[in-house]
Amino acid sequence: MKKITFLFLTLIIVFNSQGQSPENQPPIIFIYDASGSMWGQMQGKTKMEIAAAALSGAVGNLSETQKIGFVAYGHRKEGDCKDVEFMVDAATGTKKEVIEAVKGIKPLGKTPLAYSAAMVIDQLRAAKQKATIILITDGIESCDGNICEIVEEAKDEGIDFKLHIIGFGLKAEDTQQLRCAAEAGDGSYFSAENAENLGEILNVATASTVDKPANNFSVYAVKNGLPMDVYVKAYDIVGKREPILLRTYQDTGYFYLPPSTYNFEVAPLEGSDVDRITVRDIESLENVKGHQTITFDAGTLDVLVTNNGQGWDSMVKVIDPNGEVVATTRTYGVKKEVEVNPGLYKVAIQALKMEGLQTNTEIDSIAIEAAKTLPLVYDFKTGEFEIFTQIGGENIDCVVTIVEEQTGKNVAGSRTYLRGTKFLLNPGNYSVTSKPLGVHKDKAIQSFTIAIEQGETIRKTLTF
């Protein structure tokens, strides 16, 4: 069987200290994977360096009175699936001893995930001790074990523990057995994508101990009727505790939310034009299992911009109620679709290659509904003005300036060169001024007015 190595870090974390004296608190046991993949690079550092720093930080945050142990595997023999060593005794170990033990690990061997977990569970069984187990891995079992079965059997036997698992840079397709084990162990599966994320998750996981109730809240995310892989941060807006994290992996995700009111910040983890969303004021109640379905069902705006009924090149922006541009497209004279979260929007359209006072428009209160397409057609109106400037029947070069009469606004300008020039103008009344250039610059400026009507063409030859 091809050797698969990965980073595996198991933390057995301190119990809730309420009502317990320090000497009676269950120990903390760290089980650390020293398999070869710990030498793999992430953000310019080895996974070993990242994990060691995150683990040291988590240990440093624990109570000084906690008893801590440390277990490593894969650090002594390259191909031994039973290379597991209890390096720091959980009965007497300290934070300093664990941190020093982590620093001394040199990755080498295989990753007996199930066997290592079974060794820890065996100790709990023998000592009649309960604990919280947190597993961090960047890969899958390499010794033909099944950690989910190990956990299920231990739970059926009545061993009291909580298992959290953190996937460190894992692909979703590699997580099924790990998520199964976390669920069976009354814990949560978390996904750590980078060093910062790993440290944050460790702090969250260490706060969710075996003395706290089992998972009491589930989250399911969908987009257009299909399950979606999302990352959830639950912010306690009452207790102001650290955010509680969850990843759904296109499935229902479970975690424990202490009774309070939360805002969920939910970010897609797969290709989507839809941004992260916030779902507010979600309540978690005592002794009640809660659920929240997060809907990413995007709505589609089908935009067609025309000029006198013909497709026209334009810039289109979709703007949310906060004034933020959430989608932009250019039509190039054909229908264009933009996908946004359901809600009310303003649509700003700028017609290209036309002049006048009506080349931009804003349409308010465009209601986008989930999984629906809203057609939006906007028609600009223009007429055509073409001018030639001549002396003795020969074209000459002039500067032409066009001003909208009512407002006095300069709306267009160009040169005729020796071929004349053409303008697309919104319907209205305009003042036109023509000033000769070059050898004819001393000729008098000529001005006149025109009335532009939709779909009509005005041609004028100006003689100097």
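The chain appears in an unreviewed UniProt entry as von Willebrand factor type A domain protein from Cyclobacterium qasimii M12-11B.

**Student:** I would appreciate a short explanation of the state of the cysteines in the present structure.
**Tutor:** Two cysteines whose sulfur atoms are joined by a covalent bond form what is called a disulfide. A complete count under the given rule lists two disulfides for this structure. Each sulfur in the disulfide pair C81 and C143 lies 2.0 Å from the other. Disulfide C81 to C143: torsion about the S-S bond roughly -85 degrees, handedness left-handed. Taken together, the residues span a long stretch of sequence, with C81 in the loop between strand 5 (68-73) and strand 6 (84-88) and C143 in the loop between strand 7 (131-137) and helix 4 (147-157) at a distance of 62 residues.

**Student:** Would you take a moment to explain the packing of aromatic side chains for this structure?
**Tutor:** What characterises a pair of aromatic rings is the spacing of the ring centres plus the angle enclosed by the ring planes. For the structure shown, the criterion picks out seven aromatic pairs. Ring geometry for F217 versus F255: centroids 6.4 Å apart, planes at 70 degrees, classification edge-to-face. On the criterion of sequence distance, the pair formed by F217 in strand 10 (residues 217-223) and F255 in strand 14 (residues 253-255) is long-range, its members being 38 residues apart. Neither F217 nor F255 differs from the other in exposure class; each is buried. The structure contains a cluster of three or more aromatic residues connected by ring pairs, namely F217, F255 and F264.

**Student:** I'm lost on the domain arrangement of the chain in this one. Help?
**Tutor:** Where the parts come together, the accessible area they lose is often given as the size of the interface. Segmenting the chain into domains produces domain 1 (24-212), domain 2 (214-296), domain 3 (299-380) and domain 4 (383-463). Here the C-alpha centroids of domain 1 and domain 2 sit 25 Å apart. Summed over both sides, the interface between domain 1 and domain 2 buries roughly 1,400 Å², with carbon and sulfur atoms accounting for 53% of that surface. Run the count over domain 1 and domain 2 and you get three residue pairs in polar contact (both at pLDDT 80 or more). Of all the elements in the fold, those that place two or more residues in the side of domain 1 that touches domain 2 are helix 5 (176-184), strand 9 (189-192) and helix 6 (195-207). Among the elements that make up the side of domain 1 that touches domain 2, the one with the highest residue count is helix 6 (four residues).

Parameters at a glance
- Residues numbered from 1 in each chain as written.
- Predicted model: local features only at pLDDT ≥ 70, side-chain atom pairs only at ≥ 80, totals over all residues.
- Heavy atoms only, no water.
- Disulfide = S-S within 2.5 Å.
- Helix = DSSP H or I, 4+ residues; strand = E, 2+ residues; numbered from the N terminus.
- Phe/Tyr/Trp six-rings, centres within 6.5 Å; stacked < 30°, edge-to-face > 60°.
- Buried < 20%, exposed > 50% of the residue type's maximum accessible area, 1.4 Å probe, protein only.
- Domains from an automatic or database assignment.
- Buried area = accessible area lost by both parts, 1.4 Å probe.
- Polar contact = N/O pair within 3.5 Å; in protein donor to acceptor, adjacent residues only side chain to side chain.

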